[in-house]
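Structure at a glance
Spelled out, the chains give:
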Amino acid sequence: KDIPGTSAVSPGPSKECAPDTESPSGTGEADYCRRILVRDAKGTIREIVLPKGLDLDRPKRTRTSFTAEQLYRLELEFQRCQYVVGRERTELARQLNLSETQVR
């Protein structure tokens, strides 16, 4: 995937992601990391080592935009009790038309 201001380069060997001769895939690479080489704006090539479990292709979740009323109520509840749980969270979420995760 392209990163603004960078360009991808084919990966090479890495100290952080040392070859694993016992890798089940038989490729000689460690199964727990993913290497990406990028070229910065100055043309310098840099290697980034990331866990393979990190899904870089999945789009980011959009940030919730709360209304002024929702923010006011959430801040009031937070001042009263920093951890809203159980029925209180469920009821507050229903009243504000939000999910319980958003209330959390």
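Shown above is the structure to which this text applies.
Figured I'd write up the structure that's included with this text. (Residues numbered from 1 in each chain as written. Predicted model: local features only at pLDDT ≥ 70, side-chain atom pairs only at ≥ 80, totals over all residues. Heavy atoms only, no water.)

**Remarks on the overall build of the protein chain**
If you tally the helices and strands in the protein chain, you get 3 helices and 3 strands. Each helix and strand of the protein chain, ordered N terminal to C terminal, gives the series β-β-β-α-α-α. Sequence-distant contacts in the protein chain: of pairs separated by 6 or more residues, those separated by 24 or more amount to 33%. Carbon together with sulfur atoms contributes 52% to the accessible area of the protein chain, which is approximately 8,700 Å² in total. (Helix = DSSP H or I, 4+ residues; strand = E, 2+ residues; numbered from the N terminus. Contact = heavy atoms within 4.5 Å. Areas by Shrake-Rupley, 256 points an atom, 1.4 Å probe, with all protein chains shown as cover.)

**Observations regarding helix H1 (residues 68–80)**
Between its terminal C-alpha atoms H1 stretches 18 Å, which fits the 18 Å expected from 13 residues at 1.5 Å a residue. Every buried residue belonging to H1 is among Gln70, Leu74 and Glu77, and all of these are buried. One side of H1 carries all its buried residues, which in axial view fall inside an arc of 65°. Seen from the open side of H1, the exposed residues pointing more than 90 degrees away from its buried face are Ala68, Glu69, Tyr72, Gln79 and Arg80. Turning to H1, the residues buried within the fold contact helix H2 (86–96) and helix H3 (100–103). (Expected span 1.5 Å × (residues − 1). Buried < 20%, exposed > 50% of the residue type's maximum accessible area, 1.4 Å probe, protein only. Arc of directions from axis to C-beta.)

**Thoughts on the pattern of salt bridges**
Considering all chains together, one arrives at 4 salt bridges under this definition. The salt bridge involving Glu91 is made with Arg94; its shortest N-O contact spans 2.4 Å. Residue Glu91 and its partner Arg94 are both found in helix H2; the two are separated by 3 residues, about one turn of the helix. We classify Arg94 as exposed; its relative accessible area is 57%. Each of the salt bridges in this network shares a partner with another, and the network as a whole consists of Glu77, Arg80 and Glu88. (Salt bridge = Lys/Arg side-chain N within 4 Å of Asp/Glu carboxyl O.)

The values are spatial; any link to function lies outside them.
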